[in-house]
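One-letter residues, chain by chain:
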Amino acid sequence: MNAPLPLRVARGADANAYDRVAHATQSELAGRLAQRLASETKGEVLFSAADRGRYATDASIYQVMPVGVFVPRTSDEARAALDICRDLKVPVVARGAGTSQCGQTVGAGLVIDFSKHVRALLEFDSANATAVVEPGIVLDHLNAQLKKSGLWYPVDVSTSAQATLGGMAGNNSCGSRSIAYGNMVHNVLAIEAWTSDGAHHRFESYERCAGGAREIGRRVKDLASLLAPEIDRRWPKVMRRVGGYNLDIFRNQSERPYTGDGGVNLAHLLVGSEGTLALTKNLTLALAPLARAKVLGVVNFPTFYKAMDTAQHIVALGAEDRSLTAVELVDRTMIELALRNPAFESTVRASLIGRPDALLLVEFSGDDRRSLARKLQQLEELMGDRGLPGSVVHLVDDASQKNLWEVRKAGLNIMMSLRGDGKPVSFIEDCAVPLQHLAEYTDALTQVFRRHGTRGTWYAHASVGTLHVRPILDMRKDGARKMRAIAEEASALVRKYKGAYSGEHGDGLCRGEWIAWQFGPKITQAFAEIKKLFDPEGLLAPQRIVEPPRMDDTRLMRFAPSYRVIPLAPALDWSEWDVQNDPATERTTPPGTGGDAAQGFAKAVEMCNNNGHCRKFDAGTMCPSFRVTRDERHVTRGRANTLRLALSGQLGPDGLASDAVREALDLCVSCKGCKRDCPTGVDMARMKVEFLHHDRRKNGFTLRDRLIGQLPAYAATASRFAWLLNLRNRSRLVARMTQALTGLAASRSLPAWRRQHFFNRPLRSATRDEVFAAEKPAVLFVDTFNGFFESETAWAAFRVLRAAGYTVHVAAKDDETSGHLCCGRTYLATGMVEKARARASGLVNALHPFARRGIAIVGLEPSCLLTLRDEALALGLGSNAQEVAKHALLFEEFLAREAAAGRLAPLQARLAPVGAPVLVHGHCHQKAFGAVSPVLDVLKLIPGLQPQLVESSCCGMAGAFGYEASHVEVSMAMAQLSLFPALRAQRGAIVVADGTSCRHQIRDGLGREAVHAAVLLAGQLKGG
Ligand SMILES: Cc1cc2nc3c(=O)[nH]c(=O)nc-3n(C[C@H](O)[C@H](O)[C@H](O)COP(=O)(O)OP(=O)(O)OC[C@H]3O[C@@H](n4cnc5c(N)ncnc54)[C@H](O)[C@@H]3O)c2cc1C
Ligand code: SF4
Ligand code: SF4
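Please read these numbers as outputs of a predicted model, since none were measured by experiment.

1. Things to note about the overall build of the protein chain
For step 1, the next point in the chain: In terms of regular secondary structure, the protein chain is built from 45 helices and 27 strands.
For step 2, the next point in the chain: The C-alpha radius of gyration of the protein chain comes to 30 Å, within 12% of the 31 Å expected for a compact globule of 1024 residues.
For step 3, the next point in the chain: If you line up the protein chain on its principal axes, its C-alpha atoms span 95 × 75 × 55 Å.
For step 4, the next point in the chain: For the protein chain, the residues scored as buried account for 63% of the 1024 residues in total.
For step 5, the next point in the chain: Taking the contacts inside the protein chain whose residues are at least 6 apart along the sequence as the reference set, 73% of them involve residues at least 24 apart.
For step 6, the next point in the chain: Taking the 126 positively charged and 107 negatively charged side chains of the protein chain as two groups, their mean positions are separated by 4 Å.

2. Quick notes on the site of ligand 3
For step 1, the next point in the chain: Neighbouring ligand 3 are 14 residues, the closest being Cys623, Arg639, Cys668, Cys671 and Cys674.
For step 2, the next point in the chain: Within the residue set of the shell around ligand 3, elements represented by two or more residues are helix H21 (624-629), helix H22 (636-647) and helix H25 (684-699).
For step 3, the next point in the chain: For the shell around ligand 3, the per-class residue count stands at nine nonpolar, three polar and two charged.

3. Thoughts on the sheet that holds strand S27 (residues 990-993)
For step 1, the next point in the chain: Taken in spatial order, the three strands make up an open sheet running S26-S25-S27, and their pairing is parallel. The strands lining the two open edges of the sheet, one partner per strand, are strand S26 (948-949) and S27.
For step 2, the next point in the chain: As judged from the four bridges shared by strand S25 (residues 918-921) and S27, these two strands associate in the parallel manner. When the sheet's bridge partners are listed, histidine 921 is paired in S27 with alanine 993.

4. Some details on the environment of cysteine 674
For step 1, the next point in the chain: Locating cysteine 674 in the fold gives a position in helix H24 (residues 673-677).
For step 2, the next point in the chain: Classification of cysteine 674 by relative accessible area gives buried; the value is 6%.
For step 3, the next point in the chain: Between the alpha carbons of cysteine 674 and asparagine 699 there is a distance of 28 Å; along the sequence they are 25 residues apart.
For step 4, the next point in the chain: Ignoring any residue separated from it by four or fewer positions in sequence, one finds cysteine 674 in contact with Met622, Thr636, Gly681, Val682, Asp683 and Met684.

5. Topic: the sheet that holds strand S23 (residues 857-859)
For step 1, the next point in the chain: Judged by pairing direction, the sheet is parallel, and its four strands sit side by side in the order S22-S21-S23-S24 without closing on themselves. Lying at the two open borders of the sheet, with one neighbouring strand each, are strand S22 (807-810) and strand S24 (888-890). Strand-to-strand twist in this sheet, taken as the mean axis angle between neighbours without regard to direction, amounts to 35 degrees.
For step 2, the next point in the chain: As paired elements, S23 and S24 share three bridges and run parallel to each other.

6. Focus: the site of ligand 1
For step 1, the next point in the chain: Ligand 1 sits among 34 residues. The nearest are Ala94, Gly96, Thr99, Ser100 and Cys174.
For step 2, the next point in the chain: Between ligand 1 and alanine 97, the relevant distance is 2.9 Å, taken from an oxygen atom to a main-chain nitrogen or oxygen of the residue.
For step 3, the next point in the chain: Here a nitrogen atom of ligand 1 and a backbone polar atom of cysteine 174 are 2.6 Å apart.
For step 4, the next point in the chain: When the free accessible area of ligand 1 is taken as 980 Å², the share hidden by the protein chains comes to 97%.

7. Regarding the packing of aromatic side chains
For step 1, the next point in the chain: Enumeration according to the criterion identifies 24 aromatic pairs in this entry.
For step 2, the next point in the chain: For the pair tyrosine 714 and tryptophan 753, a centre-to-centre distance of 6.3 Å together with 50 degrees between the ring planes defines the contact as tilted. On the criterion of sequence distance, the pair formed by tyrosine 714 in helix H27 (residues 711-720) and tryptophan 753 in the loop between helix H30 (732-742) and helix H31 (768-773) is long-range, its members being 39 residues apart.
For step 3, the next point in the chain: Looking at tyrosine 714, the relative accessible area reads 28%, which means it is partly exposed.
For step 4, the next point in the chain: Put simply, the rings of Trp235, Tyr245, Phe519 and Phe527 touch in pairs and so form one group of aromatic residues.
For step 5, the next point in the chain: Note that arginine 476 overlies the ring of phenylalanine 559, its terminal NZ or CZ placed 4.4 Å from the centroid.
For step 6, the next point in the chain: Stacked on the ring of tryptophan 574, the Lys or Arg arginine 686 has its end atom at 5.9 Å from the ring centre.

8. Some points on a nonpolar patch on the surface
For step 1, the next point in the chain: Taken together, Phe721, Trp723, Leu724 and Leu725 make up a surface patch of nonpolar side chains, about 460 Å² in accessible area.
For step 2, the next point in the chain: Secondary-structure assignment places leucine 725 in helix H28 (residues 722-725).
For step 3, the next point in the chain: With relative accessibility at 36%, the residue leucine 725 sits in the partly exposed group.

9. With respect to the confidence of the model for the protein chain
For step 1, the next point in the chain: Per-residue pLDDT for the protein chain averages 94, and the proportion of residues at 70 or more is 98%.
For step 2, the next point in the chain: Counting interchain partners and residues more than four positions distant, the pLDDT-below-50 stretch residues 1-6 has 13 contacts.

10. Overview of the pairing of strand S19 (residues 466-469)
For step 1, the next point in the chain: Burial of the side chains of S19 extends over both faces: Thr466 and His468 are buried on one face and Leu467 and Val469 on the other.
For step 2, the next point in the chain: Of the pairings in the sheet, the one linking strand S18 (residues 458-461) to S19 comprises four bridges and is antiparallel in character. Across the sheet, the residue bridging to tryptophan 458 is valine 469, located in S19.

11. What about the nonpolar core?
Across soluble globular proteins, nonpolar side chains have a tendency to be buried as a group.
For step 1, the next point in the chain: Residues Phe601, Leu643, Met684, Met687, Phe781, Leu847 and Leu868 are the most contacted members of the largest nonpolar core, which totals 81 residues.
For step 2, the next point in the chain: The greatest single-element share of this core, amounting to nine residues, is contributed by helix H35 (residues 833-852).
For step 3, the next point in the chain: Judged by nonpolar contacts, the second largest core, of 65 residues, contains Leu317, Phe364, Ala480 and Ile486.

12. Things to note about H30
For step 1, the next point in the chain: Every buried residue of H30 is listed here: Ala735, Thr738 and Thr742. Here the buried residues of H30 occupy an arc of 60 degrees about the axis, which is enough to place them on one side. The exposed set on the far side of H30, more than 90 degrees from its buried face, consists of Arg732, Leu733 and Ala740.
For step 2, the next point in the chain: Lining the buried residues of H30 we find helix H26 (703-709) and helix H29 (727-730).
For step 3, the next point in the chain: Measuring from the backbone nitrogen of leucine 733 back to the side-chain oxygen at the start of H30 gives 3.3 Å, which picks out serine 731 as the cap.
For step 4, the next point in the chain: Glycine 743 sits one or two positions beyond H30 and adopts a positive phi of about 80 degrees.

13. With respect to the pattern of salt bridges
For step 1, the next point in the chain: In the structure shown here, the tally under the stated rule is 76 salt bridges.
For step 2, the next point in the chain: In this structure, glutamate 606 engages arginine 476 in a salt bridge whose closest nitrogen and oxygen atoms are separated by 2.6 Å. Pair noted here: glutamate 606 is in the loop between helix H20 (601-605) and H21 and arginine 476 is in the loop between strand S20 (472-474) and helix H17 (479-496), with a separation of 130 residues, a long-range link.
For step 3, the next point in the chain: Aspartate 683 is the salt-bridge partner of arginine 686, the closest N and O atoms lying 3.9 Å from each other. Each member of the pair, arginine 686 as well as aspartate 683, carries the same accessibility label: buried.
For step 4, the next point in the chain: Overlapping salt bridges bring together Lys672, Lys675, Asp683, Arg686, Arg825, Asp870 and Glu871 as one network.

14. Here we look at unusual backbone geometry
What is expected of a backbone is that most residues other than glycine have negative phi and most peptide bonds are trans.
For step 1, the next point in the chain: A cis geometry characterises the amide bond from methionine 622 onward to cysteine 623, with omega recorded as -10 degrees.
For step 2, the next point in the chain: Note that cysteine 623 resides in the loop between H20 and H21.
For step 3, the next point in the chain: Positive phi is not limited to glycine here, since arginine 322 has a value of about 55 degrees.
For step 4, the next point in the chain: Considering the arrangement of structural elements, one finds arginine 322 in the loop between helix H11 (304-316) and strand S14 (324-331).

15. Considerations on the side chain of histidine 461
For step 1, the next point in the chain: Position of histidine 461 among the secondary structure elements: in strand S18.
For step 2, the next point in the chain: Since its relative accessible area comes to 2%, histidine 461 is described here as buried.
For step 3, the next point in the chain: Here glutamate 504 takes part through its side chain, which lies 3.0 Å from a polar atom of the side chain of histidine 461.
For step 4, the next point in the chain: Non-local contacts of histidine 461, meaning those with residues more than four positions away in its chain, are made with Gly175, Ser176, Arg240, Val327, Glu328, Arg408, Thr466, Leu467, His468 and Glu504.

16. Things to note about helix H12 (residues 332-340)
For step 1, the next point in the chain: Where burial is concerned, most of H12 is hidden: seven out of the nine residues are buried.
For step 2, the next point in the chain: Within H12, the full set of buried residues consists of Arg332, Thr333, Met334, Ile335, Leu337, Ala338 and Leu339.
For step 3, the next point in the chain: Considering only its buried residues, H12 is in contact with S14, helix H13 (345-349), strand S15 (358-366), helix H15 (398-416) and S18.
For step 4, the next point in the chain: With a side-chain oxygen positioned 3.2 Å from the backbone nitrogen of threonine 333, the residue opening H12 is aspartate 331.

Criteria and thresholds
- Within any chain, residue numbers begin from 1 and follow the written order of that chain's sequence.
- For naming, the first written chain is A and the first written ligand is 1, with later ones following in the order written.
- This being a predicted model, a pLDDT of at least 70 is required before a residue's local features are given, and a value of 80 or more before pairs of side-chain atoms are given or counted; all residues contribute to the totals for chains, interfaces and linings.
- The basis for every side-chain value is the complete set of heavy atoms in the structure, and neither hydrogens nor water enter the calculation.
- Secondary structure counts use DSSP, requiring at least four H or I residues in a row for a helix and at least two E residues in a row for a strand, with both numbered from the N terminus.
- This radius of gyration counts C-alpha atoms alone. The globule rule is 2.2 Å times how many residues there are, raised to the power 0.38.
- Three exposure classes are used, based on accessible area relative to the maximum for each residue type with a 1.4 Å probe and protein chains only: buried under 20%, partly exposed in between, and exposed over 50%.
- Only heavy atoms matter for contacts: two residues are in contact if any of them lie within 4.5 Å across the pair.
- Charge convention: Lys and Arg are scored as positive, Asp and Glu as negative, and His as well as the terminal groups of each chain are ignored.
- Taken as the charge location is NZ of Lys, CZ of Arg, CG of Asp or CD of Glu.
- Proximity is defined per residue: if any heavy atom of the residue lies within 4 Å of a molecule or strand, that residue is considered near it.
- Any residue outside Ala, Val, Leu, Ile, Met, Phe, Trp, Tyr, Cys, Pro, Asp, Glu, Lys and Arg is labelled polar, Gly included; the first ten of those are nonpolar and the last four are charged.
- Any two strands are treated as partners once DSSP identifies two or more bridges connecting them.
- To get an axis, fit a line to the C-alpha atoms, keeping to the stretch in contact for a helix; angles then go from 0 to 180 degrees between the N-to-C directions.
- Each polar contact in these results corresponds to two N or O atoms within 3.5 Å; when the atoms are within protein, one needs to be able to donate a hydrogen and the other to accept it, and residues that are neighboring in sequence are counted only if both atoms are side-chain atoms.
- Residue burial considers only the protein chains on display, and all accessible areas are found by Shrake-Rupley using a 1.4 Å probe.
- Aromatic rings from Phe, Tyr and Trp, with only the six-membered ring used for Trp, were paired whenever their centres fell within 6.5 Å, and each pair was classed as stacked if the ring planes differed by under 30 degrees, edge-to-face if by over 60, and tilted otherwise.
- The rule is short: NZ of Lys or CZ of Arg within 6 Å of the ring centre and within 35 degrees of the ring normal puts a charge over the ring.
- Residues with no salt bridge and a relative accessible area higher than 30% make up the patches, which join like charges within 9 Å and nonpolar side chains (Val, Leu, Ile, Met, Phe, Trp, Tyr) within 5 Å.
- Here, a salt bridge means any side-chain nitrogen of Lys or Arg that lies within 4 Å of a carboxyl oxygen of Asp or Glu.
- For every residue, the pLDDT score states the predictor's confidence, bounded by 0 at the bottom and 100 at the top.
- Residues belong to one nonpolar core when they are buried, are Ala, Val, Leu, Ile, Met, Phe, Trp, Tyr or Cys, and are joined through side-chain atoms within 4.5 Å.
- Here the arc refers to the set of directions running from the helix axis out to each C-beta atom.

Given below as structure tokens:
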């Protein structure tokens, strides 16, 4: 094995930090910086190439290696880091979740990550509706804490699940409902911050400001007075203008003044300053009451142009009573894409009248639904007056509104899942124009795209004239050139219609150079003077807003034309990612033709566009390890970035099989949460298999790998020595010895061996011929775990299927010998891909004759059965594997399907009620394949039962992960996040968990016996 990574510097005094960092980075300065951070703070000091690489990108197209990364434990440590950087003249780049689209958090200095620890809600004043927060707090987390009070922070950005308040203030972010609530600048009351000289200031109402803050304010005021005519002439008059500094606090130019009383608030100078003026210590926020009722009118338009032309009239509907809270666009392409997605299809269809070219989602909010219904009526009348009678679908119940908002929010994500090197690129995606010009502007820009051989899909904030659009460009080829050409034409349109070039996402590296274009030389010079007032040495985020680089400087880009992937022969089939696309039609070439030197693996990794959605903590699985560690290294994005850097040789010659990759993937529990929840479908679980294959080929298998991987091969023999092997669970000494030898944690019980198990206690299984001839046939695939360790589950499933009237054949090897079948899961989990292929191939061959006849293959253990629908298809097993996958169903999926077809009456008649509430914990792979709801459906066959789903991420056991001594702590922490608290809250409930490892985790952690749904059903069968 390779030596441990040298450049995660230990916390506290570290005498060798300098030598190690200076040597490895070849930078004496980096060494001194790391040394001082390590000795003067307790924060995390990250200087390895992988750590720096993970912080070298955000949700933009750029990549710049920082000199190092610092993760402070407290805000004061951030100040200490600033002091050190000032001494050493190292620039500082502040960072929240890193979801900026323009490269705001990408820079060559020290990146300070506020999101991990500096994230407290410091004060909450419900009477005055204000809150004081640290900059690293995430918007959704803040709003969750405020919910009970009936208040919220209303700048509802799409990235609310991960965006931090510090980052939102940095970018002057705006949400879908900005027409009602304004941007960040309208909702920040005060900011405490350090200027680069280390001085602490409180920026608030100008009247109240004192000391240095007041002095800065006075000088900015002078600048504003001096430039008054220029400001009046050049400043965009739209509400959505976020470019440059807010010099207009002293001379309002916005459609919506920044303060309610017309006064000046100096905190607003910092809002939108992108970390270039000061480091935020905390922010005082203005909260708003949560709306009691909302209604949504979905207006169907025959043409896109008509939709754009009508937006201004719809907005006027809310002018009187401020009840209009959103007008959002969904265009034809988005409608089509959503209709193709099973999760969204019915929601979208219910909102359509005929075949519209565009939809406007018009939301009204207020105190009661009845008065809002009148607003919908007015909307209906307005559309009638404008020649579109009967074009509005009314959505008044909360669920249908929420579902449609989900479709709108998923819009960008759906687009971003385009495979191939051409990607929708964000660089003019938020130009804002006055509403009366929206139709002409969008039409003209569409023509621009066409001229450049590309296209864009339009969506988002029609209410404020900020429509999002991303033309598809290939940054590895001519993307930078085309980007510049399109940007120039777009800017001419923005000027023609008197709009703002930067209307939502900030300037960063991408739009900085357009500041001078927008504001002219005098105001640009004033911005430079403001920068000097705050940061005379140019320490904070250099080259942002002032003296910016060219947007198309390819040296700053993640996929510059020089980007190369090291050739690699992958173990799995990644060819479906190895494609190219046509930007004008979005059609992709056949699999395997994309020219990827890693045969599709690199392109699959590169699907991660850094949007940071994997940093969310809400319902859903992704990403359990990040939820525990909050470490960029342990989030899907960090892992994908690590893989990309390794595959392209940016982490040194070891490529994929490097320590950095091993470290990044170590806590990945292969839950497949990302496969489902990541907008672009990054499937880290599958990528981990690929990594393990290459890593173990280079470094060899450990004893633990062999014990876990080859379990199916020795299980039958081992079960004969059950008593002896189970000594491990009875003797602490043996457990400790086993840990020393294998790394399997002594504190854990291991699954208990049994002499009598499913495979050596034969059942009356139907023969192949019987099942072929049966009216109601089913094939039961019993996996290693339920077969050898928890045979009750397999027996129970057999009984239930029989009670339901099925002729059940237990799948066995072709020759019907006693050997059990195996999907290869344990081999995949340990990187033994060849052996997994052989096992899965045996299973596919055995099952194919049944699948060919359309007979369902019914499995019990989600991770095993679903291997047939997932990894088995990437093992090169041909069309037989495809056919088997089509018929492979989990036990409950099969029963739910049969119940829906009216074939389960015999079973239902035999089920007795349960005397306790039932909680269901879904296995991660069940969640990834949308196979949890069938469990609930099937349990509802039990008379009177209303099973309750536990909103949980991964249980933390995740196959063998939680058994490993090095992972026990993280494994238990994952369970403590949501699963264990939910189970503890209902001590008397029966717990249903289909995953073997989930059941084991619940037993280990809570001492409670969870059961497979099959066991619960079998236990309720009347008449034995
Ligand atoms: C898919 C997608 C959808 C998006 N939707 C929206 C949207 O609806 N509305 C919108 O406005 N934006 C949107 N964005 C852009 C982005 O998510 C927002 O700007 C978000 O508010 C940034 O938050 P963050 O925590 O990621 O900040 P970061 O990207 O980490 O930082 C943003 C800026 O703040 C500065 N900063 C951070 N912390 C501090 C600090 N303590 N002191 C000083 N400066 C600091 C940084 O230096 C940087 O300049 C979207 C982005 C993506 C990828
Ligand atoms: S892994 Fe997926 S969710 Fe995470 S940043 Fe990348 S694309 Fe976004
Ligand atoms: S498989 Fe699970 S743990 Fe691994 S990156 Fe994806 S969501 Fe995170």
